[in-house]
Amino acid sequence: MPSRFTFAIPLIAALALVGCAGDGGGIQSQKMAAIKGRGTLNCGVDGKLPGFSFVGADGSYSGLDVDICKATAAAVLGDPAKVTYRDLSSSERFAALGSGEVDLLSRNTTMTLSRDAPGGNALAFAPTTFFDGQAVLVPASSGIKSLKDVAGKPICVETGTSTELNLADRMRELNATYTPLKFQSGDQTFAAYLQGRCVAVTSDRSQLAAKRTGFPNPAEHLLLPDMLSKEPLNPATINADPAWADAVRWVVYSLIQAEEMGITAANIDAKLAEAKANKNLAQLRRFLGVEGDLGKQLGLPADFVVKTVKAVGNYGEVFERNVGQGSPLKLERGVNQQWLKGGLMYSPPFL
């Protein structure tokens with residue numbers, strides 16, 4: 001028969017994750033309490049990927065992943081500027097999150113079973129912020145038109161990533177031999193490709209498009225039509241603090257729901273005034289924190305949605321500014337469009 005202490009251990013662990021009420025009241029995680037105590041959110045990013053997380057000449061960070069950091073800081077700390085960014089390589093990112101060096105990983109990371117599972121990396125993934133797929137980039141002058149044409153040739157790939165495994169799986173399906181040239185970082189991988197050490201480089205399609213913008217002659221490089229995998233890119237936290245994971249999850253959902261409701265950074269104040277003036281607008285009032293206790297249930301302020309939208313805009317604004325047609329990447333919305341327009345962006349109800 002189990003000892004009574006067997007039941008006490010998980011209870012103690014659960015209580016350790018519950019802090020005192022913050023500005024938003026209600027349940028607060030141990031991680032959220034630590035963030036509020038230090039006054040800054042430690043966010044792990046790439047830092048070298050245009051459109052997602054990139055450090056400008058003035059030292060400022062920008063990108064879709066960076067905006068998730070800003071939105072989370074706005075919700076928790078009331079200020080999107082209260083973020084300390086940590087540039088992490090693919091091999092460093094999970095250790096940094098697990099050790100507590102970063103509170104949130106917003107670094108073009110694919111959600112997979114082994115990364116999510118307690119027996120794997122034990123991560124807790126927030127909603128997908130970019131639906132991607134692995135692709136291959138080749139010199140336009142190479143004459144290569146599809147992945148089959150790369151058979152028997154060297155391909156540059158970053159090791160320790162799902163990219164490496166996906167490439168091996170796909171070439172196995174094609175019954176094609178190839179020589180993987182493996183590198184420890186993205187910088188090394190793309191440098192080798194530009195030096196001509198391989199005839200192709202593979203990564204997420206968005207990353208290839210982003211890296212190509214920094215090449216000496218971007219037009220000389222062609223993205224093949226082959227899609228090697230599904231790559232849902234998600235922010236992540238540790239799964240040992242479910243209250244913190246929930247807070248981040250609903251911050252991301254707030255950006256998606258705001259777009260669906262037509263709420264933008266430009267009209268958020270007008271929408272808030274409308275919600276306060278009209279008691280019949282139940283959904284809008286709950287969403288913006290005018291009535292109900294949705295924020296309190298997450299340990300966040302009642303108006304956390306207002307803070308996130310004011311900080312970065314809705315999801316559509318985040319996408320367009322960083323990777324869409326208004327950006328150097330000029331990516332189509334595609335499956336990253338709202339569900340009402342045939343895409344996969346969908347938020348559960350704020351009830």
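Residues numbered from 1 in each chain as written. Predicted model: local features only at pLDDT ≥ 70, side-chain atom pairs only at ≥ 80, totals over all residues. Heavy atoms only, no water.

Trainee: Where do I start with the side chain of Ser90 in this structure?
Mentor: Residue position: Ser90 is located in the loop between strand S5 (83–87) and helix H4 (93–99). Residues in contact with Ser90, not counting those within four places in the same chain, are Arg107, Glu158 and Thr161. (Helix = DSSP H or I, 4+ residues; strand = E, 2+ residues; numbered from the N terminus. Contact = heavy atoms within 4.5 Å.)

Trainee: Can you help me understand the pattern of salt bridges in this one?
Mentor: Close approach of charged atoms allows side chains with opposite charge to pair. One pass over the structure, following the stated rule, counts 14 salt bridges. Between Glu101 and Arg86 there is a salt bridge, and its shortest N-O distance comes to 3.8 Å. With Glu101 in the loop between H4 and strand S6 (104–105) and Arg86 in strand S5, the pair connects residues that are 15 residues apart, well separated along the chain. Given the relative accessible area of 36%, Glu101 is considered partly exposed. One salt bridge in this structure joins Arg333 and Glu259, with 3.1 Å as the shortest N-O distance. Taken as a pair, Arg333 in the segment after helix H14 (315–322) and Glu259 in helix H9 (residues 242–260) lie far apart in primary sequence, 74 residues in all. Like Glu259, Arg333 is buried. When salt bridges that share partners are traced, they join Lys31, Arg38 and Asp103 into one network. (Salt bridge = Lys/Arg side-chain N within 4 Å of Asp/Glu carboxyl O. Buried < 20%, exposed > 50% of the residue type's maximum accessible area, 1.4 Å probe, protein only.)

Trainee: It is not clear to me how unusual backbone geometry should be interpreted in this structure. Could you clarify?
Mentor: Even without glycine at this site, Asn108 takes up a positive phi of about 30°. With respect to the helices and strands, the residue Asn108 is situated in the loop between S6 and helix H5 (113–116). Overall, Asn108 belongs to the buried group, its relative accessible area being 10%. For Asn175, which is not glycine, the phi dihedral falls at a positive 55°.

Trainee: I'm lost on the pairing of strand S10 (residues 154–158) in this one. Help?
Mentor: Here is the key point about a regular strand: its side chains alternate between the two faces of the sheet. Within S10, 4 of the 5 residues are buried, which leaves the element mostly enclosed by the surrounding structure. Two strands pair when backbone bridges link them, and S10 and strand S11 (residues 179–183) are joined in this way by 5 bridges, in the parallel orientation. Bridged to Pro154 within S11 is Thr179. Each parallel crossover has a hand, and for S10 linked through helix H6 (residues 162–173) to S11 it is right-handed. (Pairing = 2+ DSSP bridges. Right-handed = clockwise from strand over helix to strand, strands pointing away.)

Trainee: Which parts of the structure should I look at to understand the packing of helix H3 (residues 64–77) against H9?
Mentor: Packed helices, taken two at a time, are described by their axes: the angle between them and the distance between them. Viewed as axis vectors pointing N to C, H3 and H9 meet at an angle of 115°, and their least axial separation amounts to 10 Å. Judged by the inter-axis angle, H3 sits roughly perpendicular to H9. The two elements H3 and H9 meet at a crossing, and its hand is right-handed. Contacts between H3 and H9 involve Ile68, Ala71, Thr72, Ala75 and Val76 from the first element and Trp244, Val248, Val251, Val252 and Leu255 from the second. A per-class count over the contact of H3 with H9 returns 9 nonpolar, 1 polar and no charged. (Axes fitted to C-alpha atoms, helices over the stretch in contact; angles between N-to-C directions. Parallel < 35°, antiparallel > 145°, perpendicular 65-115°, else oblique. Left-handed = near helix turned anticlockwise from the far one by under 90°. Nonpolar A, V, L, I, M, F, W, Y, C, P; charged D, E, K, R; others polar.)

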